[in-house]
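The lines below spell out each chain.
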Amino acid sequence: MAHHTDTEAAYQLARDRYAALGVDTDAALDRLAAFSISIHCWQGDDVGGFEHAGEAPGGGLAVTGNYPGKARTPAELRADFEQALSLIPGRHRMSLHASYAETGGRPVDRDQIGVEQFRGWIAWAKQLGIGVDFNQTYFGHPRVERGLTLTHPDEGIRRFWIEHGIRCREIGAAFGEALGTTCVTNLWIPDGMKDTPADRRAPRERLIESLDAVFAKPVDPRHNLDSVEPKLFGIGAESYTPGSHEFYLGYAVSRGTLLTLDAGHYHPTEGIADKISSALCFLPEIVLHVSRGVRWDSDHVVTLTDDLQAIAQEVVWNGYGDRVHIGLDYFDASINRVAAWVIGARNMLEALLLALLAPVRALRQAELEGDYTTRLALMEDLKVMPFGAVWDEHCRRANVPGGRDWLREVKRYERDVLGARS
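Numbers given for residues are sequential positions, taken from 1 along each chain in its written order. It should be noted that, the model being predicted, local features are given only for residues of pLDDT at least 70 and side-chain atom pairs only at 80 or more, the latter also being counted only at that level, while totals for whole chains, interfaces and linings use all residues. As a rule here, side-chain values cover all heavy atoms of the structure and leave hydrogens and water aside.

Caption draft 1: Inspection of the overall build of the protein chain at higher detail. Scanning the protein chain from N- to C-terminus turns up 14 helices and eight strands. Both definitions apply: the radius of gyration is a C-alpha atom measure, and the globule rule equals 2.2 Å times residues to the power 0.38. The C-alpha radius of gyration computed for the protein chain amounts to 22 Å, which stays within 12% of the reference 22 Å derived for 422 residues, consistent with globular compactness. Counting only C-alpha atoms and orienting by the principal axes, one finds that the protein chain spans roughly 65 × 55 × 40 Å. Burial status across the protein chain gives 52% buried among its 422 residues. By the convention used here, residues are in contact when the closest approach between their heavy atoms is within 4.5 Å. If you take every contact in the protein chain between residues at least 6 apart in sequence, the share linking residues at least 24 apart comes to 81%. Helix and strand definitions follow DSSP, with helices as H or I runs of at least four residues and strands as E runs of at least two, each counted in order from the N terminus. Burial classes: relative accessible area under 20% of the type maximum marks a residue as buried, over 50% as exposed, and values in between as partly exposed (1.4 Å probe, protein chains only).

Caption draft 2: Focus on empty space enclosed by the protein. The pocket and cavity definitions rest on a 1 Å grid over protein atoms only: a 1.4 Å probe that fits but cannot leave marks a cavity, an open set with protein on both sides within 12 Å along at least five of seven lines marks a pocket, and residues lining either have an atom within 4 Å of a point. Grid points are joined across faces, edges and corners, and a volume is the space filled by probe spheres set on the points. Enumeration according to the criterion identifies three cavities of 30 Å³ or more in this entry. Taken as a whole, the largest cavity spans an internal volume of roughly 200 Å³. Lining the largest cavity are 18 residues, with Leu61, His97, Trp188, Glu229 and Asp329 sitting closest to its centre. When residue character is reported, Ala, Val, Leu, Ile, Met, Phe, Trp, Tyr, Cys and Pro are called nonpolar, Asp, Glu, Lys and Arg charged, and the others, Gly included, polar. Broken down by class, the residue content of the lining of the largest cavity amounts to six nonpolar, six polar and six charged.

Caption draft 3: Seen up close, the pairing of strand 3 (residues 132–135). Neither face of strand 3 is open: one carries Val132 and Phe134, the other Asp133 and Asn135, and all of them are buried. Note: two strands are recorded as paired if DSSP finds a minimum of 2 bridges between them. Sheet topology places strand 2 (residues 93–97) next to strand 3; four bridges connect them, and they run parallel. Among the inter-strand pairings, Leu96 is bridged to a residue of strand 3, identified as Phe134. We call a crossover right-handed when, viewed with both strands directed away from the observer, the connection leading from the first strand over the helix to the second proceeds clockwise. Following the chain from strand 2 across helix 4 (residues 119–128) to the adjacent parallel strand 3, one finds a crossover that is right-handed. Bridge count between strand 3 and strand 4 (residues 183–187): two bridges; the pairing is parallel. Note that in strand 4 the partner of Phe134 across the bridge is Thr185.

Caption draft 4: Molecular detail of the packing of helix 2 (residues 25–33) against helix 13 (residues 387–397). Interhelical geometry of helix 2 versus helix 13 gives an angle of 55° and a closest axis separation of 11 Å. Relative to helix 13, helix 2 is oriented oblique. In this structure, helix 2 crosses over helix 13, and the sense of that crossing is right-handed. Residues Thr25, Asp26, Leu29, Leu32 and Ala33 of helix 2 touch helix 13, and the partners they reach there are Val390, Trp391, Glu393, His394 and Arg397. The class makeup of the residues in the contact of helix 2 with helix 13 is five nonpolar, two polar and three charged. Only C-alpha atoms enter the line fits that serve as axes; for helices the fit covers just the stretch in contact. Angles between N-to-C directions range over 0 to 180 degrees. Any angle between 65 and 115 degrees counts as roughly perpendicular, while under 35 counts as roughly parallel, over 145 as roughly antiparallel, and the rest as oblique. Should the near helix be turned anticlockwise from the far one by less than a right angle, the crossing is left-handed, and should it be turned clockwise, the crossing is right-handed.

Caption draft 5: Quick peek at helix 13. All of the buried residues in helix 13 are Phe387, Ala389, Val390, Trp391, Glu393, His394 and Cys395. The positive-phi residue at the C-terminal boundary of helix 13 is Asn399, with phi of around 60°.

Caption draft 6: Up close: the layout of surface pockets. In this structure, the largest pocket occupies an estimated 480 Å³ of space. Elements with a minimum of two residues in the lining of the largest pocket: strand 2, strand 3, strand 4, strand 7 (286–290), helix 9 (306–317) and strand 8 (324–328). Top element by residues in the lining of the largest pocket is strand 8. It accounts for five residues. Across the lining of the largest pocket, the residue classes tally to 12 nonpolar, 12 polar and four charged.

Caption draft 7: Here's a closer look at the nonpolar core. Here, the term nonpolar core denotes a set of buried Ala, Val, Leu, Ile, Met, Phe, Trp, Tyr and Cys residues that are joined through side-chain atoms within 4.5 Å. Ranked by size, the top nonpolar core spans 118 residues in total, and within it Leu96, Trp121, Phe175, Ile276, Leu288, Ile326 and Leu352 carry the most contacts. Discounting residues that sit within four places of it in the chain, Ile276 has contacts with Leu261, Ile286, Leu288, Ile311, Glu314, Val315, Tyr320 and Val324.

Caption draft 8: Highlighting the packing of aromatic side chains. Classification of ring pairs rests on two measures: the distance between centres of Phe, Tyr or Trp rings, Trp counted by its six-membered ring, which must be within 6.5 Å, and the angle between planes, read as stacked under 30 degrees, edge-to-face over 60 and tilted in between. The full count for this structure, using the stated rule, is 13 aromatic pairs. Relative to Tyr251, the ring of Phe215 has its centre 6.2 Å away and its plane inclined at 40°; by these criteria the two rings are tilted. Here the residue Phe215 occupies a position in the loop between helix 6 (201–214) and strand 5 (224–228), and Tyr251 occupies one in helix 7 (residues 245–255), the gap between them amounting to 36 residues. The same class applies to Phe215 as to Tyr251, namely buried. Ring centres of Phe247 and Tyr248 lie 5.2 Å apart, and the angle between their planes is 80°; this geometry places the pair in the edge-to-face category.

Caption draft 9: Fine view of the pairing of strand 2. With five of five residues buried, strand 2 is to be regarded as a mostly interior element. Taking every second residue as pointing to the same face, both faces of strand 2 are buried, with Arg93, Ser95 and His97 on one and Met94 and Leu96 on the other. In terms of strand pairing, strand 1 (residues 38–40) meets strand 2 through three bridges, oriented parallel. Counted as the bridge partner of Ile39 is Met94 from strand 2.

Caption draft 10: A look at helix 2. All of the buried residues along helix 2 are Thr25, Ala28, Leu29 and Leu32. Along the axis of helix 2, the buried positions cluster into a sector of 100°, meaning they face one direction only. At the N-terminal boundary of helix 2, the capping side chain belongs to Asp24, with an oxygen 3.0 Å from the backbone nitrogen of Asp26. Note that the arc is defined by the directions from the helix axis to the C-beta atoms. The term polar contact refers here to a pair of N or O atoms within 3.5 Å; inside protein, the definition further demands a hydrogen-donor-capable atom paired with an acceptor-capable atom, and it admits residues adjacent in sequence only when both atoms are side-chain atoms.

Caption draft 11: Region of interest: the pattern of salt bridges. Any carboxyl oxygen of Asp or Glu within 4 Å of a side-chain nitrogen of Lys or Arg constitutes a salt bridge here. Evaluated as defined, the whole model comprises 30 salt bridges. Among the salt bridges present, the one from Glu205 reaches Arg201, with a minimum N-O distance of 2.6 Å. Linking Glu205 with Arg201, this pair stays in helix 6, spanning four residues, or about one helical turn. In this structure, the salt-bridge partner of Arg415 is Asp416, at a minimum N-O distance of 3.2 Å. Sharing partners across several salt bridges, the network here consists of Glu8, Arg15, Asp26, Glu393, Arg396 and Arg397.

Spelled out as C-alpha coordinates, the structure:
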(Lines give C-alpha, C1' and ligand atoms only; values in the text may rest on other atoms or scores of the structure.)
Protein backbone atom coordinates (compact mmCIF):
# COMPACT_ATOMS: atom_id res chain seq x y z
CA MET A 1 0.00 0.00 0.00
CA ALA A 2 2.82 2.41 0.88
CA HIS A 3 4.48 1.68 -2.45
CA HIS A 4 1.26 2.54 -4.31
CA THR A 5 0.93 5.74 -2.27
CA ASP A 6 4.49 6.76 -3.18
CA THR A 7 3.81 6.02 -6.85
CA GLU A 8 0.65 8.11 -6.84
CA ALA A 9 2.34 11.00 -5.03
CA ALA A 10 5.19 11.03 -7.54
CA TYR A 11 2.68 10.93 -10.36
CA GLN A 12 0.80 13.96 -9.01
CA LEU A 13 4.01 15.98 -9.07
CA ALA A 14 4.86 14.77 -12.59
CA ARG A 15 1.33 15.53 -13.79
CA ASP A 16 1.72 19.14 -12.63
CA ARG A 17 5.11 19.47 -14.35
CA TYR A 18 3.73 18.22 -17.65
CA ALA A 19 0.57 20.34 -17.31
CA ALA A 20 2.81 23.41 -17.30
CA LEU A 21 3.90 22.35 -20.80
CA GLY A 22 0.30 21.89 -21.88
CA VAL A 23 0.42 18.08 -21.70
CA ASP A 24 -2.43 16.08 -20.12
CA THR A 25 -0.78 13.01 -18.60
CA ASP A 26 -4.07 11.27 -17.87
CA ALA A 27 -5.06 11.56 -21.53
CA ALA A 28 -1.62 10.26 -22.50
CA LEU A 29 -2.06 7.20 -20.28
CA ASP A 30 -5.49 6.52 -21.77
CA ARG A 31 -4.02 6.63 -25.25
CA LEU A 32 -1.10 4.41 -24.28
CA ALA A 33 -3.49 1.77 -22.93
CA ALA A 34 -5.00 1.50 -26.42
CA PHE A 35 -1.73 0.38 -28.05
CA SER A 36 -1.38 -3.36 -28.62
CA ILE A 37 2.12 -4.71 -29.34
CA SER A 38 2.56 -7.91 -31.34
CA ILE A 39 5.14 -9.83 -29.30
CA HIS A 40 7.16 -12.44 -31.15
CA CYS A 41 7.04 -16.06 -30.00
CA TRP A 42 10.53 -16.91 -31.23
CA GLN A 43 12.39 -15.09 -28.44
CA GLY A 44 11.22 -17.88 -26.11
CA ASP A 45 13.02 -20.76 -27.84
CA ASP A 46 15.73 -19.16 -30.00
CA VAL A 47 13.70 -19.37 -33.24
CA GLY A 48 13.64 -23.15 -32.88
CA GLY A 49 10.04 -23.99 -33.61
CA PHE A 50 8.60 -27.47 -33.15
CA GLU A 51 9.33 -29.17 -36.45
CA HIS A 52 12.92 -30.21 -35.73
CA ALA A 53 13.64 -29.70 -32.03
CA GLY A 54 17.17 -28.63 -31.15
CA GLU A 55 18.21 -27.53 -34.63
CA ALA A 56 19.50 -24.05 -35.42
CA PRO A 57 17.14 -21.95 -37.55
CA GLY A 58 19.56 -21.24 -40.42
CA GLY A 59 18.44 -19.18 -43.40
CA GLY A 60 20.48 -16.12 -42.44
CA LEU A 61 19.45 -16.29 -38.77
CA ALA A 62 21.88 -16.78 -35.90
CA VAL A 63 21.05 -16.93 -32.20
CA THR A 64 23.83 -16.37 -29.68
CA GLY A 65 23.97 -17.86 -26.19
CA ASN A 66 22.71 -20.89 -24.26
CA TYR A 67 21.03 -19.40 -21.19
CA PRO A 68 19.28 -22.19 -19.26
CA GLY A 69 15.53 -22.68 -19.34
CA LYS A 70 14.71 -22.50 -23.06
CA ALA A 71 11.14 -23.54 -23.90
CA ARG A 72 11.16 -27.03 -25.42
CA THR A 73 7.48 -27.65 -26.03
CA PRO A 74 4.42 -25.61 -27.02
CA ALA A 75 3.16 -25.82 -23.42
CA GLU A 76 6.43 -24.42 -22.05
CA LEU A 77 6.54 -21.66 -24.63
CA ARG A 78 2.97 -20.67 -23.89
CA ALA A 79 3.61 -20.66 -20.14
CA ASP A 80 6.69 -18.47 -20.58
CA PHE A 81 4.76 -16.09 -22.82
CA GLU A 82 1.98 -15.82 -20.26
CA GLN A 83 4.56 -14.99 -17.60
CA ALA A 84 5.95 -12.22 -19.80
CA LEU A 85 2.47 -10.85 -20.50
CA SER A 86 1.78 -10.63 -16.76
CA LEU A 87 4.68 -8.17 -16.45
CA ILE A 88 3.86 -5.97 -19.45
CA PRO A 89 1.12 -3.35 -18.95
CA GLY A 90 -1.71 -3.41 -21.48
CA ARG A 91 -3.34 -6.04 -23.68
CA HIS A 92 -1.04 -7.36 -26.37
CA ARG A 93 -0.78 -9.99 -29.11
CA MET A 94 1.44 -12.91 -30.07
CA SER A 95 3.33 -13.03 -33.36
CA LEU A 96 3.67 -16.70 -34.36
CA HIS A 97 5.82 -18.35 -37.03
CA ALA A 98 4.56 -21.20 -39.19
CA SER A 99 7.40 -23.38 -37.90
CA TYR A 100 5.59 -23.52 -34.55
CA ALA A 101 2.97 -25.88 -35.96
CA GLU A 102 1.89 -28.69 -33.64
CA THR A 103 1.88 -31.85 -35.75
CA GLY A 104 1.39 -34.41 -32.99
CA GLY A 105 4.56 -36.23 -33.95
CA ARG A 106 3.33 -36.81 -37.50
CA PRO A 107 5.44 -35.26 -40.27
CA VAL A 108 3.54 -32.46 -42.01
CA ASP A 109 5.62 -30.54 -44.53
CA ARG A 110 5.27 -26.81 -44.93
CA ASP A 111 3.34 -27.04 -48.17
CA GLN A 112 0.76 -29.19 -46.35
CA ILE A 113 0.24 -27.34 -43.06
CA GLY A 114 -3.24 -26.10 -42.25
CA VAL A 115 -5.34 -24.79 -39.44
CA GLU A 116 -5.41 -28.25 -37.82
CA GLN A 117 -1.78 -27.83 -36.78
CA PHE A 118 -2.65 -24.55 -35.03
CA ARG A 119 -5.82 -25.51 -33.14
CA GLY A 120 -3.86 -25.56 -29.90
CA TRP A 121 -2.62 -22.01 -30.47
CA ILE A 122 -6.10 -20.80 -31.33
CA ALA A 123 -7.62 -22.37 -28.21
CA TRP A 124 -4.88 -20.92 -26.01
CA ALA A 125 -5.15 -17.42 -27.51
CA LYS A 126 -8.93 -17.52 -27.17
CA GLN A 127 -8.62 -18.49 -23.52
CA LEU A 128 -6.23 -15.58 -22.89
CA GLY A 129 -8.31 -13.17 -24.95
CA ILE A 130 -5.38 -12.13 -27.15
CA GLY A 131 -4.94 -11.77 -30.90
CA VAL A 132 -2.37 -13.62 -32.99
CA ASP A 133 -0.35 -12.45 -35.99
CA PHE A 134 1.32 -14.96 -38.30
CA ASN A 135 4.61 -15.30 -40.16
CA GLN A 136 5.41 -17.53 -43.10
CA THR A 137 8.58 -19.54 -42.44
CA TYR A 138 10.99 -19.63 -45.39
CA PHE A 139 14.05 -20.80 -43.47
CA GLY A 140 15.26 -23.85 -41.56
CA HIS A 141 14.10 -26.33 -44.20
CA PRO A 142 15.86 -28.62 -46.74
CA ARG A 143 14.01 -26.98 -49.63
CA VAL A 144 15.70 -23.66 -48.95
CA GLU A 145 18.06 -24.80 -51.68
CA ARG A 146 21.17 -22.65 -52.23
CA GLY A 147 19.54 -20.20 -49.86
CA LEU A 148 16.68 -19.61 -52.32
CA THR A 149 12.92 -20.09 -52.03
CA LEU A 150 10.41 -18.02 -54.02
CA THR A 151 13.16 -16.80 -56.40
CA HIS A 152 14.69 -20.23 -57.12
CA PRO A 153 15.16 -20.97 -60.83
CA ASP A 154 13.65 -24.44 -60.29
CA GLU A 155 9.89 -24.21 -60.73
CA GLY A 156 9.26 -27.17 -58.42
CA ILE A 157 11.02 -25.51 -55.50
CA ARG A 158 9.19 -22.26 -56.14
CA ARG A 159 5.89 -24.13 -56.28
CA PHE A 160 6.60 -25.76 -52.90
CA TRP A 161 7.13 -22.38 -51.27
CA ILE A 162 4.20 -20.78 -53.07
CA GLU A 163 1.96 -23.48 -51.61
CA HIS A 164 3.44 -22.77 -48.17
CA GLY A 165 2.51 -19.11 -48.58
CA ILE A 166 -1.02 -19.97 -49.65
CA ARG A 167 -1.48 -22.27 -46.64
CA CYS A 168 -0.15 -19.59 -44.28
CA ARG A 169 -2.68 -17.04 -45.50
CA GLU A 170 -5.45 -19.53 -44.85
CA ILE A 171 -4.10 -20.16 -41.35
CA GLY A 172 -3.85 -16.42 -40.70
CA ALA A 173 -7.47 -15.97 -41.76
CA ALA A 174 -8.49 -18.81 -39.42
CA PHE A 175 -6.74 -17.03 -36.53
CA GLY A 176 -8.48 -13.78 -37.38
CA GLU A 177 -11.92 -15.32 -37.68
CA ALA A 178 -11.64 -17.49 -34.56
CA LEU A 179 -10.23 -14.75 -32.35
CA GLY A 180 -12.30 -11.87 -33.65
CA THR A 181 -9.29 -9.67 -34.37
CA THR A 182 -7.54 -9.27 -37.72
CA CYS A 183 -4.38 -11.34 -38.17
CA VAL A 184 -1.46 -9.80 -40.04
CA THR A 185 0.38 -12.51 -41.99
CA ASN A 186 3.89 -11.43 -42.87
CA LEU A 187 6.08 -12.75 -45.70
CA TRP A 188 9.87 -12.53 -45.55
CA ILE A 189 12.29 -14.68 -47.56
CA PRO A 190 16.07 -15.09 -47.04
CA ASP A 191 16.83 -15.29 -50.79
CA GLY A 192 19.95 -13.56 -52.03
CA MET A 193 23.57 -13.91 -53.13
CA LYS A 194 26.70 -14.04 -51.04
CA ASP A 195 28.80 -12.55 -53.84
CA THR A 196 28.12 -10.19 -56.73
CA PRO A 197 25.34 -11.59 -58.95
CA ALA A 198 25.43 -11.63 -62.73
CA ASP A 199 21.65 -11.26 -62.97
CA ARG A 200 19.71 -9.02 -60.62
CA ARG A 201 16.63 -8.87 -62.81
CA ALA A 202 15.47 -12.47 -63.26
CA PRO A 203 15.20 -13.35 -59.53
CA ARG A 204 13.03 -10.28 -58.98
CA GLU A 205 10.79 -11.16 -61.90
CA ARG A 206 10.44 -14.69 -60.53
CA LEU A 207 9.65 -13.23 -57.11
CA ILE A 208 6.83 -11.12 -58.58
CA GLU A 209 5.32 -14.22 -60.18
CA SER A 210 5.66 -16.21 -56.96
CA LEU A 211 4.14 -13.49 -54.81
CA ASP A 212 1.24 -13.00 -57.20
CA ALA A 213 0.55 -16.73 -56.96
CA VAL A 214 0.70 -16.65 -53.15
CA PHE A 215 -1.72 -13.72 -52.96
CA ALA A 216 -3.99 -14.77 -55.85
CA LYS A 217 -6.86 -16.08 -53.74
CA PRO A 218 -8.88 -13.32 -52.08
CA VAL A 219 -8.96 -13.46 -48.27
CA ASP A 220 -11.41 -11.50 -46.14
CA PRO A 221 -9.43 -8.46 -44.89
CA ARG A 222 -11.46 -8.52 -41.68
CA HIS A 223 -9.71 -11.79 -40.86
CA ASN A 224 -6.29 -11.49 -42.52
CA LEU A 225 -4.04 -8.77 -43.89
CA ASP A 226 -0.96 -9.61 -45.97
CA SER A 227 2.38 -7.84 -45.52
CA VAL A 228 5.72 -8.12 -47.32
CA GLU A 229 9.06 -7.48 -45.64
CA PRO A 230 12.22 -6.20 -47.35
CA LYS A 231 15.81 -6.63 -46.24
CA LEU A 232 19.13 -5.06 -47.22
CA PHE A 233 21.23 -8.20 -46.73
CA GLY A 234 21.52 -11.37 -44.68
CA ILE A 235 24.11 -13.93 -43.63
CA GLY A 236 25.05 -15.66 -46.88
CA ALA A 237 23.22 -12.96 -48.84
CA GLU A 238 25.54 -10.02 -48.24
CA SER A 239 25.78 -8.79 -51.84
CA TYR A 240 22.23 -8.97 -53.16
CA THR A 241 18.67 -9.59 -52.02
CA PRO A 242 15.86 -9.67 -54.60
CA GLY A 243 13.40 -8.57 -51.92
CA SER A 244 14.93 -5.14 -51.34
CA HIS A 245 13.15 -2.13 -49.87
CA GLU A 246 12.49 -0.61 -53.29
CA PHE A 247 11.17 -3.91 -54.63
CA TYR A 248 8.70 -4.53 -51.83
CA LEU A 249 7.61 -0.89 -51.59
CA GLY A 250 6.70 -1.04 -55.27
CA TYR A 251 5.01 -4.39 -54.82
CA ALA A 252 2.98 -3.26 -51.80
CA VAL A 253 1.79 -0.08 -53.50
CA SER A 254 0.91 -1.82 -56.77
CA ARG A 255 -0.72 -4.90 -55.22
CA GLY A 256 -2.39 -3.40 -52.16
CA THR A 257 -0.51 -5.36 -49.50
CA LEU A 258 0.96 -3.95 -46.33
CA LEU A 259 4.69 -3.20 -46.08
CA THR A 260 6.73 -4.36 -43.10
CA LEU A 261 9.57 -2.10 -41.98
CA ASP A 262 12.08 -4.01 -39.86
CA ALA A 263 14.44 -1.78 -37.88
CA GLY A 264 17.35 -4.16 -38.51
CA HIS A 265 16.90 -4.61 -42.25
CA TYR A 266 18.62 -1.48 -43.48
CA HIS A 267 22.07 0.08 -43.43
CA PRO A 268 23.29 0.44 -39.81
CA THR A 269 23.12 4.23 -40.05
CA GLU A 270 19.65 4.20 -41.66
CA GLY A 271 16.62 4.34 -39.36
CA ILE A 272 13.10 3.30 -40.24
CA ALA A 273 11.43 6.24 -38.47
CA ASP A 274 11.70 8.51 -41.49
CA LYS A 275 10.23 5.80 -43.74
CA ILE A 276 6.95 5.63 -41.82
CA SER A 277 5.33 8.84 -43.06
CA SER A 278 6.78 8.29 -46.54
CA ALA A 279 5.23 4.83 -46.85
CA LEU A 280 1.92 5.96 -45.36
CA CYS A 281 1.58 8.64 -48.02
CA PHE A 282 0.91 5.76 -50.43
CA LEU A 283 -0.20 2.81 -48.28
CA PRO A 284 -3.20 2.63 -45.97
CA GLU A 285 -1.35 0.62 -43.31
CA ILE A 286 2.13 -0.69 -42.54
CA VAL A 287 3.74 -3.13 -40.12
CA LEU A 288 6.77 -2.45 -37.91
CA HIS A 289 9.17 -5.13 -36.75
CA VAL A 290 10.99 -3.27 -34.02
CA SER A 291 14.45 -4.64 -33.41
CA ARG A 292 17.92 -3.34 -32.57
CA GLY A 293 20.87 -3.99 -34.81
CA VAL A 294 24.39 -3.65 -33.47
CA ARG A 295 26.68 -3.12 -36.47
CA TRP A 296 24.48 -5.50 -38.48
CA ASP A 297 21.02 -7.03 -38.34
CA SER A 298 21.84 -8.70 -35.03
CA ASP A 299 18.33 -8.60 -33.52
CA HIS A 300 19.39 -7.40 -30.08
CA VAL A 301 16.75 -6.82 -27.40
CA VAL A 302 15.01 -3.50 -27.97
CA THR A 303 16.29 -0.77 -25.66
CA LEU A 304 15.11 2.80 -25.13
CA THR A 305 17.39 4.34 -27.75
CA ASP A 306 17.00 7.53 -29.75
CA ASP A 307 16.08 5.36 -32.75
CA LEU A 308 13.25 3.70 -30.83
CA GLN A 309 11.97 7.04 -29.62
CA ALA A 310 12.05 8.40 -33.16
CA ILE A 311 9.89 5.48 -34.33
CA ALA A 312 7.38 6.09 -31.55
CA GLN A 313 7.31 9.82 -32.28
CA GLU A 314 6.44 9.23 -35.93
CA VAL A 315 3.59 6.91 -34.96
CA VAL A 316 2.19 9.10 -32.17
CA TRP A 317 2.83 12.62 -33.42
CA ASN A 318 1.27 11.87 -36.81
CA GLY A 319 -1.76 10.09 -35.42
CA TYR A 320 -0.83 6.80 -37.09
CA GLY A 321 -1.89 4.59 -34.19
CA ASP A 322 -4.64 2.91 -36.22
CA ARG A 323 -2.52 2.58 -39.39
CA VAL A 324 0.65 1.06 -37.94
CA HIS A 325 0.83 -2.50 -36.60
CA ILE A 326 3.68 -2.49 -34.07
CA GLY A 327 5.50 -5.79 -33.62
CA LEU A 328 8.77 -6.85 -32.01
CA ASP A 329 11.46 -8.99 -33.65
CA TYR A 330 14.62 -9.97 -31.78
CA PHE A 331 16.17 -13.03 -30.15
CA ASP A 332 18.85 -13.23 -27.48
CA ALA A 333 19.78 -16.51 -25.82
CA SER A 334 22.52 -14.98 -23.67
CA ILE A 335 20.02 -13.67 -21.09
CA ASN A 336 16.81 -14.84 -19.46
CA ARG A 337 14.39 -15.19 -22.38
CA VAL A 338 11.31 -14.11 -20.44
CA ALA A 339 13.17 -11.01 -19.28
CA ALA A 340 14.14 -10.29 -22.89
CA TRP A 341 10.48 -10.26 -23.87
CA VAL A 342 9.57 -8.00 -20.96
CA ILE A 343 12.44 -5.55 -21.44
CA GLY A 344 11.78 -5.09 -25.15
CA ALA A 345 8.01 -4.74 -24.84
CA ARG A 346 8.18 -2.34 -21.91
CA ASN A 347 10.75 -0.23 -23.76
CA MET A 348 8.49 -0.04 -26.81
CA LEU A 349 5.64 1.12 -24.60
CA GLU A 350 7.88 3.58 -22.77
CA ALA A 351 8.93 5.08 -26.10
CA LEU A 352 5.27 5.49 -27.04
CA LEU A 353 4.57 7.15 -23.69
CA LEU A 354 7.46 9.56 -24.12
CA ALA A 355 6.02 10.53 -27.50
CA LEU A 356 2.56 10.96 -25.96
CA LEU A 357 4.01 13.27 -23.29
CA ALA A 358 5.51 15.71 -25.78
CA PRO A 359 3.88 19.13 -26.42
CA VAL A 360 3.59 18.38 -30.13
CA ARG A 361 1.43 21.40 -30.94
CA ALA A 362 3.98 23.79 -29.43
CA LEU A 363 6.86 22.04 -31.18
CA ARG A 364 5.16 22.23 -34.56
CA GLN A 365 4.08 25.83 -34.10
CA ALA A 366 7.67 26.84 -33.36
CA GLU A 367 8.79 24.92 -36.45
CA LEU A 368 6.11 26.51 -38.62
CA GLU A 369 7.24 29.96 -37.50
CA GLY A 370 10.87 29.14 -38.22
CA ASP A 371 11.75 29.31 -34.52
CA TYR A 372 14.06 26.33 -34.53
CA THR A 373 15.72 27.53 -31.34
CA THR A 374 12.53 27.02 -29.35
CA ARG A 375 11.93 23.68 -31.07
CA LEU A 376 15.38 22.40 -30.08
CA ALA A 377 15.14 23.79 -26.55
CA LEU A 378 11.75 22.15 -25.95
CA MET A 379 12.94 18.80 -27.30
CA GLU A 380 15.96 18.88 -25.01
CA ASP A 381 13.97 19.99 -21.95
CA LEU A 382 11.67 17.00 -22.41
CA LYS A 383 14.59 14.66 -21.74
CA VAL A 384 14.76 15.69 -18.08
CA MET A 385 11.03 15.69 -17.39
CA PRO A 386 9.77 13.16 -14.77
CA PHE A 387 8.66 10.59 -17.31
CA GLY A 388 9.46 7.65 -15.00
CA ALA A 389 6.78 8.67 -12.53
CA VAL A 390 4.15 8.65 -15.29
CA TRP A 391 5.33 5.21 -16.46
CA ASP A 392 5.11 3.82 -12.92
CA GLU A 393 1.56 5.16 -12.70
CA HIS A 394 0.72 3.38 -15.96
CA CYS A 395 2.04 0.13 -14.49
CA ARG A 396 0.08 0.70 -11.27
CA ARG A 397 -3.16 1.25 -13.15
CA ALA A 398 -2.52 -1.92 -15.17
CA ASN A 399 -1.74 -3.86 -11.97
CA VAL A 400 1.72 -4.69 -13.30
CA PRO A 401 4.99 -4.24 -11.34
CA GLY A 402 6.70 -0.92 -11.95
CA GLY A 403 10.36 0.01 -11.51
CA ARG A 404 12.53 -3.07 -11.06
CA ASP A 405 9.84 -5.05 -9.23
CA TRP A 406 9.10 -7.01 -12.41
CA LEU A 407 12.67 -8.36 -12.40
CA ARG A 408 12.16 -10.00 -9.01
CA GLU A 409 9.19 -11.84 -10.46
CA VAL A 410 11.25 -13.02 -13.43
CA LYS A 411 13.97 -14.25 -11.08
CA ARG A 412 11.35 -16.16 -9.08
CA TYR A 413 10.02 -17.73 -12.28
CA GLU A 414 13.56 -18.64 -13.30
CA ARG A 415 14.16 -20.33 -9.95
CA ASP A 416 10.86 -22.18 -9.76
CA VAL A 417 10.12 -22.99 -13.44
CA LEU A 418 12.98 -22.39 -15.85
CA GLY A 419 15.56 -23.90 -13.52
CA ALA A 420 13.70 -27.21 -13.52
CA ARG A 421 14.24 -27.65 -17.27
CA SER A 422 17.26 -29.70 -18.22
